[in-house]
Amino acid sequence: AHRIPRIQHTFEHEEESTETRRRREARRDTIKEAFLHAWNGYKEHAWSKDEVAPISGGWRTSFGGWGATLVDTMDTLWIMGLKEDFEQCVEEVKKIDFTTCEDEIINVFETTIRYLGGLISAYELSDKKYKVLLKKAKELGDILYTAFDTPNRMPMTRWTWRTSAQGGRVEAGEVTLIAELGSMILEFTKLTQLTGDLKYYDAVQRINMELQRVQHNSSLPGMWPYVINARTMEMPSNHFTLSGMADSTFEYLPKQHLLLGGRTETYGRMYEKAMEVAQRYLFYRPLTEHNEDVLLSGNAFPNEDEEPALDPEGQHLACYTGGMLAIGAMIFERPGDLDVA
């Protein structure tokens, strides 16, 4: 692994005052109280289901029906010291049958980040004590791997899983959201690191080799638009954003660099190229009452003979951008990006 600069501030030589500690603990307790309100509502009204319906008190199947909220919440339970609830979830995870699904089409990206990511993070945070969590993660990883069995090895992100189960042909989509194509690298890479089976990393690394190859082929060279043809890797769209439908493909680049210990410069180069374009064409200062020095991330629409047009739309799904830029500023030693962050 390469030396990667530290991200976090070093606190060990600073003594915390009584007032600072009181304020910090009060904030922590407020967050935990809010979490428990939501979690207890889920346990009472939608236990083992995907989501609680908060107004009716019912539940919804929105992510395969395997208990998305339950699996996705386990790491938070552990961090908050709610070990009894965590172990209840472990017992429920044992019952999940990933080999069948209530939905005809599986969203591979959503399943990866919520279930595979949830299982892996719960397994690691609990010091790898609960082996069933890794067992179920591997079971799910093997199933999702089948979605990559296409002619060009790009995954069918909206996967007709019964077709695969019956031996039928599947193909990558001609209209694929870039977030759904490029946002599985962390979970699949970590599964390889935990199991030693290289096939998971191989599957997602192919995607990012293709994304790197075409990064300068779009109408805004250096960024990928929010829609891509995953069969041909062509990019006819001229809608560029760091917000929804594109967001995590960009967010995962510096995180993958960290996960791989800087062993390849590929992810850093892809990230830096994309951020240079985003800072030039997507970031803007909104009009505020007191003219505060703040930036938002909007959308860009390239024109053939003119500068790209800015659509100053601020989305909640772009809220990660400041944190991403701050991480990138540290690990890639780009101090100017910290001011932007």
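So, a few notes on the structure that sits alongside this text.

Definitions and cut-offs
- Residues numbered from 1 in each chain as written.
- Predicted model: local features only at pLDDT ≥ 70, side-chain atom pairs only at ≥ 80, totals over all residues.
- Heavy atoms only, no water.
- Helix = DSSP H or I, 4+ residues; strand = E, 2+ residues; numbered from the N terminus.
- Rg over C-alpha atoms; globule rule 2.2 N^0.38 Å.
- Contact = heavy atoms within 4.5 Å.
- Areas by Shrake-Rupley, 256 points an atom, 1.4 Å probe, with all protein chains shown as cover.
- Lys, Arg positive; Asp, Glu negative; His and termini not counted.
- Charge placed at Lys NZ, Arg CZ, Asp CG, Glu CD.
- Salt bridge = Lys/Arg side-chain N within 4 Å of Asp/Glu carboxyl O.
- Buried < 20%, exposed > 50% of the residue type's maximum accessible area, 1.4 Å probe, protein only.
- Pairing = 2+ DSSP bridges.
- Axes fitted to C-alpha atoms, helices over the stretch in contact; angles between N-to-C directions.
- Parallel < 35°, antiparallel > 145°, perpendicular 65-115°, else oblique.
- Left-handed = near helix turned anticlockwise from the far one by under 90°.
- Nonpolar A, V, L, I, M, F, W, Y, C, P; charged D, E, K, R; others polar.
- Core = buried A, V, L, I, M, F, W, Y, C linked by side-chain atoms within 4.5 Å.

1. Quick look at the overall build of the protein
Moving on, step 1. When helices and strands are counted, the protein shows 13 helices and 11 strands.
Moving on, step 2. Against the compact-globule benchmark of 20 Å for 341 residues, the protein has a radius of gyration of 21 Å, which places it among compact chains.
Moving on, step 3. Based on the C-alpha atoms only, the size of the protein along its principal axes is roughly 65 × 60 × 45 Å.
Moving on, step 4. A separation threshold of at least 6 residues defines the contact pool for the protein, and within that pool the share at least 24 residues apart is 62%.
Moving on, step 5. Of the accessible surface of the protein, which amounts to about 17800 Å², a share of 50% is contributed by carbon and sulfur atoms.
Moving on, step 6. Taken together, the 38 basic and 53 acidic charged side chains of the protein have centroids lying 7 Å from each other.

2. Here's the deal with the pattern of salt bridges
Moving on, step 1. Considering all chains together, one arrives at 30 salt bridges under this definition.
Moving on, step 2. A salt bridge links E16 to R24, with the shortest nitrogen-to-oxygen separation between them at 2.7 Å.
Moving on, step 3. Notably, a salt bridge pairs R158 with E180, separated by 2.6 Å at the nearest N-O pair. Taken together, the residues span a long stretch of sequence, with R158 in strand 4 (residues 158-159) and E180 in helix 7 (residues 178-182) at a distance of 22 residues.
Moving on, step 4. A residue is classified by how much of its surface remains accessible, and R158, at 43% relative accessible area, is partly exposed.
Moving on, step 5. What makes E180 buried here is its relative accessible area of 6%.

3. A look at the sheet that holds strand 11 (residues 309-311)
Moving on, step 1. Here 3 strands make up an open sheet; going across it, the order is 7-10-11 and the pairing antiparallel. Taken across any chain shown, the strands that pair with only one partner, and hence form the sheet edges, are strand 7 (240-241) and strand 11.
Moving on, step 2. The pairing of strand 10 (residues 299-301) with strand 11 spans 3 bridges and is antiparallel. Bridging across to strand 11, A300 finds its partner in L310.

4. Regarding the environment of L220
Moving on, step 1. Mapped onto the secondary structure, L220 falls in the loop between helix 9 (199-214) and strand 6 (227-228).
Moving on, step 2. In the structure, L220 is positioned 20 residues away from F240 in sequence and 7.8 Å away in space, judged by C-alpha atoms.
Moving on, step 3. Setting aside anything within four residues of it in sequence, one finds L220 in contact with F240, V277, Y281, L282, A300, P302 and P308.

5. Overview of the packing of helix 3 (residues 83-93) against helix 5 (residues 131-145)
Moving on, step 1. Relative orientation of the contacting elements helix 3 and helix 5 amounts to 40°, with a least axis distance of 10 Å. The angle between helix 3 and helix 5 places the two elements in the oblique class. For the pair helix 3 and helix 5, the crossing hand works out as left-handed. Here helix 3 contributes F86, V90 and V93 to the contact with helix 5, which in turn contributes V132, L133 and K136.
Moving on, step 2. Taken together, the residues of the contact of helix 3 with helix 5 sort by class into 5 nonpolar, no polar and 1 charged.

6. Thoughts on the packing of helix 11 (residues 266-281) against helix 12 (residues 321-331)
Moving on, step 1. Where helix 11 meets helix 12, the closest approach of the two axes is 12 Å, and the angle between their N-to-C directions is 130°. Here helix 11 lies oblique to helix 12, going by the angle between them. For helix 11 against helix 12, the interelement crossing comes out left-handed. Of the residues in helix 12, those in contact with Y271, M275 and Q279 of helix 11 are M324, L325 and G328.
Moving on, step 2. The residue makeup of the contact of helix 11 with helix 12, split by class, is 4 nonpolar, 2 polar and no charged.

7. Things to note about the nonpolar core
Moving on, step 1. Within the largest apolar cluster, 89 residues are counted, with the highest numbers of intra-cluster contacts made by L133, M223 and F250.
Moving on, step 2. Residue contributions to this core peak at 8 residues, all from helix 11.

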